[in-house]
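So you can see what is in the structure, the chains are spelled out below.
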Amino acid sequence: MNSAQCFVDQIATNDILQRVTKVCSECYGDLKVGDHIYYDMQNYRYLCHICYSELNERMNEECEVIDEEGGLFA
Ligand SMILES: [Zn+2]
């Protein structure tokens, strides 16, 4: 269950929605305060739960590699 490492699971706040985005970067669906949103650390964007689930399944292995490389920038 390490695949979640390349996404940050957050609850949407007014702050995030106003400063960053009000829509999912993948499907452009509305994000609302209180929703679970997922910050994609590889692409620096927020995703809704549906797109997160799909991407996470597709990119499972790739995610783990990139997560290690990403550590260089942390
Ligand atoms: Zn979406």
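It should be noted that the structure appears before, not after, this text.
A brief structural summary.

What counts as what
Residues numbered from 1 in each chain as written. Predicted model: local features only at pLDDT ≥ 70, side-chain atom pairs only at ≥ 80, totals over all residues. Helix = DSSP H or I, 4+ residues; strand = E, 2+ residues; numbered from the N terminus. Buried ≥ 20, exposed ≤ 12 C-beta atoms within 10 Å, placed from the backbone. Contact = placed C-beta atoms within 7 Å. Pairing = 2+ DSSP bridges. Axes fitted to C-alpha atoms, helices over the stretch in contact; angles between N-to-C directions.

A count of helices and strands for the protein chain gives 3 helices and 3 strands. Listed N to C, the secondary structure of the protein chain is β-α-β-β-α-α in terms of helices and strands. Relative to its full complement of 74 residues, the protein chain shows a buried share of 16%. Counting only contacts in the protein chain whose residues sit at least 6 apart along the sequence, the fraction spanning at least 24 positions is 46%.

This brings us to the environment of leucine 55. Tracing the chain through its elements places leucine 55 in helix α2 (residues 49-58). Separated by 29 residues in sequence, leucine 55 and glutamate 26 place their C-alpha atoms 9.8 Å apart.

Not every positive phi belongs to a glycine, and tyrosine 28 is a case in point at roughly 60°. Residue position: tyrosine 28 is located in the loop between α1 (14-19) and β2 (36-40). Positive phi is not limited to glycine here, since tyrosine 44 has a value of about 55°. Mapped onto the fold, tyrosine 44 is located in the loop between β2 and β3 (45-47).

Before going further, it helps to spend a moment on the pairing of β2. Examined bridge by bridge, strand β1 (residues 7-11) and β2 share 5 bridges and lie antiparallel to one another. Paired with valine 8 across the two strands is tyrosine 39, which belongs to β2. Relative to β3, β2 is paired through 3 bridges, and the arrangement is antiparallel. Bridge pairing in β3 places tyrosine 38 opposite leucine 47. Hairpin geometry of β2 and β3 is characterised by an intervening segment of 4 residues between the two adjacent antiparallel strands and by a positive phi of about 55° at tyrosine 44.

Taken together, the 3 strands give an open sheet; going across it, the order is β1-β2-β3, and neighbouring strands pair in antiparallel fashion. Pairing within the sheet leaves two strands with one partner each, and these edge strands are β1 and β3. The mean angle between the axes of side-by-side strands here comes to 35°, regardless of whether they run parallel or antiparallel.

What is shown is where atoms sit, not what they do.
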